[in-house]
Amino acid sequence: MDAETRACEGLCGSGVSTCSQGYWSECRIPSVETPCSGPCGAGVQTCENGVMGACVIPVMQRECSSVCGSGHESCINGEWGPCDAPLPKPPVLHTKIRDFHAGQADFELPRAPNTIDAGMVERFLGKDHLPVYAGNPTTISTPSGKAGFDLWFHDTPGVNQARDYDLQLSDDPNTPGGFFFEDTTFFPIDGKLFGNEGRDHNYHFTLEAHTAFVYRGGEVFTFAGDDDFWVFVNNGLVIDLGGTHTSRTGRVNIDEVSGGLAMFVGQKYPLDLFFAERHTFSSNFIVHTTIADVGSCE
């Protein structure tokens, strides 16, 4: 005689319970597979023995790229992993440093009121790709006005002496695809050019750097230091830390300024930075960025 059965329901759906020796068995429900989805795409979720399992999604891949080429990234366990495209090497900023005498106008002035002297330069670089003075006629920290400021980034015999200086950035362990340079005793020309002039360090100099990068989206640039510091992207001012101040920080997210600077993803744009160390006793130069020039792929 066949065992008596009856339909039953459980968490996984419909099944059958069997009566044997006067007792009904547990509801036996076949394994049921249902479609599901997650951050990685579509998959299958299996319900077995009354327990719904996790959504199982096959390993997915999608194309990705870096400034140095193309690659892929895989989605495993609901999370997209890193892109395996070739990464750029830490870039080198090729800079030019100009040394000045401590007695030069605008140098070794009292740090009062020790605030950011914003608006010292125009919003856009001049035709010579250098900052244009915007004082009215002078700002707080430049009593010599335009005539004195124009000497900062121009070779002027008898007033300044110049030399090239390579500033090597390093991989940032805290930021994937990021680079940094940190020096809280930034005195790159100690004992050189005009020398230290009786001080522990050569404090009175300016620095400029000109490079270019392919705008990919999401790039950031952060600087912390003293004294003056300006960053221009596509010839437009994006960080303004003018003045003989203590260490201050400026940061720009390129996405947030790209519209106003007529920038488009995939295009190459210039990046120019200018720095002045005009006052004893400290010199800080700290850069964190995810911007890399194409040359760093070599």
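The rules behind the values
Along every chain, residues carry numbers that run from 1 in the direction the sequence is written. It should be noted that, the model being predicted, local features are given only for residues of pLDDT at least 70 and side-chain atom pairs only at 80 or more, the latter also being counted only at that level, while totals for whole chains, interfaces and linings use all residues. With hydrogens and water excluded, all non-hydrogen atoms of the structure serve as input to the side-chain values. Helix and strand definitions follow DSSP, with helices as H or I runs of at least four residues and strands as E runs of at least two, each counted in order from the N terminus. We compute the radius of gyration over the C-alpha atoms and compare it with the globule rule, which gives 2.2 Å times the number of residues raised to the power 0.38. Residue burial is assigned from relative accessible area. The probe radius is 1.4 Å, only protein chains are included, and a residue is buried under 20% of its type maximum, exposed over 50%, and partly exposed in between. Only heavy atoms matter for contacts: two residues are in contact if any of them lie within 4.5 Å across the pair. Counted charges follow a simple rule, with Lys and Arg positive, Asp and Glu negative, and His plus the chain ends left uncounted. Each charge is placed at NZ for Lys, CZ for Arg, CG for Asp and CD for Glu. Whenever Lys or Arg places a side-chain nitrogen within 4 Å of a carboxyl oxygen from Asp or Glu, that contact is recorded as a salt bridge. Should DSSP find at least two bridges between two strands, the strands are regarded as paired. Inter-axis angles, ranging from 0 to 180 degrees, are taken between N-to-C directions of lines fitted to C-alpha atoms, where helices are fitted over the stretch in contact. Disulfides are defined as pairs of cysteine sulfur atoms found within 2.5 Å of each other. Think of it this way: a Phe, Tyr or Trp ring, Trp meaning its six-membered ring, pairs with another when their centres are within 6.5 Å, and the plane angle makes it stacked under 30 degrees, edge-to-face over 60, tilted otherwise. Two conditions define a charge located above a ring, namely a distance within 6 Å from the ring centre to NZ of Lys or CZ of Arg, and an angle within 35 degrees of the ring normal. Only buried Ala, Val, Leu, Ile, Met, Phe, Trp, Tyr and Cys residues count toward a nonpolar core, and they belong to the same one when joined by side-chain atoms within 4.5 Å.

### Notes on the overall build of the protein
Phase 1 of the analysis: When helices and strands are counted, the protein shows 2 helices and 20 strands.
Phase 2 of the analysis: Here the C-alpha radius of gyration of the protein, 31 Å, is well above what a compact globule of 298 residues would show, namely 19 Å.
Phase 3 of the analysis: Along the longest, intermediate and shortest principal axes, the C-alpha atoms of the protein span 115 × 35 × 35 Å.
Phase 4 of the analysis: Buried residues in the protein amount to 42% of all 298 residues.
Phase 5 of the analysis: Of the contacts formed within the protein by residues at least 6 apart in sequence, a portion of 62% connects residues at least 24 apart.
Phase 6 of the analysis: Here the protein contributes 18 positive and 39 negative side-chain charges, whose respective centroids are spaced 5 Å apart.

### As for the pattern of salt bridges
Phase 1 of the analysis: Taken as a whole, this structure holds 6 salt bridges when the rule is applied.
Phase 2 of the analysis: Put simply, glutamate 73 and arginine 62 hold a salt bridge, and the shortest N to O gap is 2.5 Å. Taken together, the positions of glutamate 73 in strand 8 (residues 69-76) and arginine 62 in strand 7 (residues 60-66) put the pair 11 residues apart, joining distant regions of the chain.
Phase 3 of the analysis: Measuring nitrogen to oxygen at the nearest pair gives 2.6 Å for the salt bridge that ties aspartate 150 to lysine 146.
Phase 4 of the analysis: Take lysine 146: its relative accessible area is 47%, and that puts it in the partly exposed class.

### Re the environment of glycine 53
Phase 1 of the analysis: By the element assignment, glycine 53 lies in strand 6 (residues 51-56).
Phase 2 of the analysis: A residue is classified by how much of its surface remains accessible, and glycine 53, at 26% relative accessible area, is partly exposed.
Phase 3 of the analysis: Between the C-alpha atom of glycine 53 and that of phenylalanine 223, which follows or precedes it by 170 residues, the distance is 49 Å.
Phase 4 of the analysis: In contact with glycine 53, not counting residues within four places along its chain, are Gln45 and Thr46.

### Some details on the sheet that holds strand 4 (residues 32-38)
Phase 1 of the analysis: What the 3 strands build is an open sheet, ordered 4-5-6; its pairing is antiparallel. One side of each edge strand has no neighbouring strand; the edge strands of this open sheet are strand 4 and strand 6. Between one strand and the next, the sheet's axes are offset by a mean angle of 25°, whatever the strand orientation.

### So, the pairing of strand 10 (residues 92-100)
Phase 1 of the analysis: Looking at chain direction, strand 10 and strand 11 (residues 160-168) are connected through 9 bridges and run antiparallel. The partner of leucine 93 across the bridge, within strand 11, is leucine 167.

### Describing the state of the cysteines
Phase 1 of the analysis: Scanning all chains against the criterion turns up 6 disulfides.
Phase 2 of the analysis: Two residues share a disulfide in this structure: cysteine 40 and cysteine 75, whose sulfurs sit 1.5 Å from each other. In this structure, the disulfide formed by cysteine 40 and cysteine 75 twists by about -65° around the S-S bond and is classed as left-handed. Of this pair, cysteine 40 sits in the loop between strand 4 and strand 5 (41-48) while cysteine 75 sits in strand 8, and the two are 35 residues apart along the sequence.
Phase 3 of the analysis: Judged by its relative accessible area of 6%, cysteine 40 is buried.
Phase 4 of the analysis: Along the protein, the cysteines that take part in disulfide bonds pair up as 1-3, 2-6, 4-7, 5-10, 8-11, 9-12, counted in sequence order.
Phase 5 of the analysis: Here cysteine 19 stays unpaired: no disulfide links it, and the sulfur of cysteine 8, its closest cysteine neighbor, is 13 Å away.

### Remarks on the packing of aromatic side chains
Phase 1 of the analysis: On inspection of all chains with the given rule, the structure shows 24 aromatic pairs.
Phase 2 of the analysis: Positioned above the aromatic ring of tryptophan 24, the side-chain terminus of arginine 6 is 4.1 Å from the ring centre.
Phase 3 of the analysis: Directly above the ring of tryptophan 80 sits arginine 62, whose terminal nitrogen or CZ lies 3.9 Å from the centroid.

### Focus on unusual backbone geometry
Phase 1 of the analysis: The omega angle of the peptide bond from asparagine 136 to proline 137 is -5°, so this bond is cis rather than trans.
Phase 2 of the analysis: Position of proline 137 relative to the elements: it lies in the loop between strand 10 and helix 1 (145-149).
Phase 3 of the analysis: The omega torsion of the bond from threonine 280 to phenylalanine 281 falls at 20°, within 30 degrees of zero and hence cis.
Phase 4 of the analysis: Phi is positive for asparagine 234, which is not a glycine, with a value near 50°.
Phase 5 of the analysis: If you check the backbone angles, asparagine 235 has positive phi at about 75° while not being a glycine.

### As for the nonpolar core
Phase 1 of the analysis: Counting residues in each nonpolar core, the largest one holds 34 residues, and the members touching the most others are Phe221, Phe229, Val233, Leu273 and Phe285.
Phase 2 of the analysis: When residues of this core are traced back to their parent elements, those giving at least two are strand 10, strand 13 (179-183), strand 14 (205-214), strand 15 (220-226), strand 16 (228-233), strand 17 (236-240), strand 19 (268-277) and strand 20 (284-289).
Phase 3 of the analysis: Residues contacting valine 233, with those up to four places away along its chain left out, are Phe213, Val238, Ile254, Leu261, Met263, Pro270 and Leu271.
Phase 4 of the analysis: Residues Val121, Leu130, Phe153 and Phe274 belong to the second largest nonpolar core, which totals 15 residues.

### Describing the sheet that holds strand 9 (residues 79-80)
Phase 1 of the analysis: Taken together, 3 strands build an open sheet; the order of strands is 7-8-9 and the sheet is antiparallel. Here the strands that pair on one side only, and so sit at the sheet edges, are strand 7 and strand 9.
Phase 2 of the analysis: Inspection of the sheet shows strand 8 paired to strand 9 by 2 bridges, in the antiparallel sense. Note that in strand 9 the partner of isoleucine 76 across the bridge is glutamate 79.

Everything listed is a geometric property; what it means functionally is a separate question.
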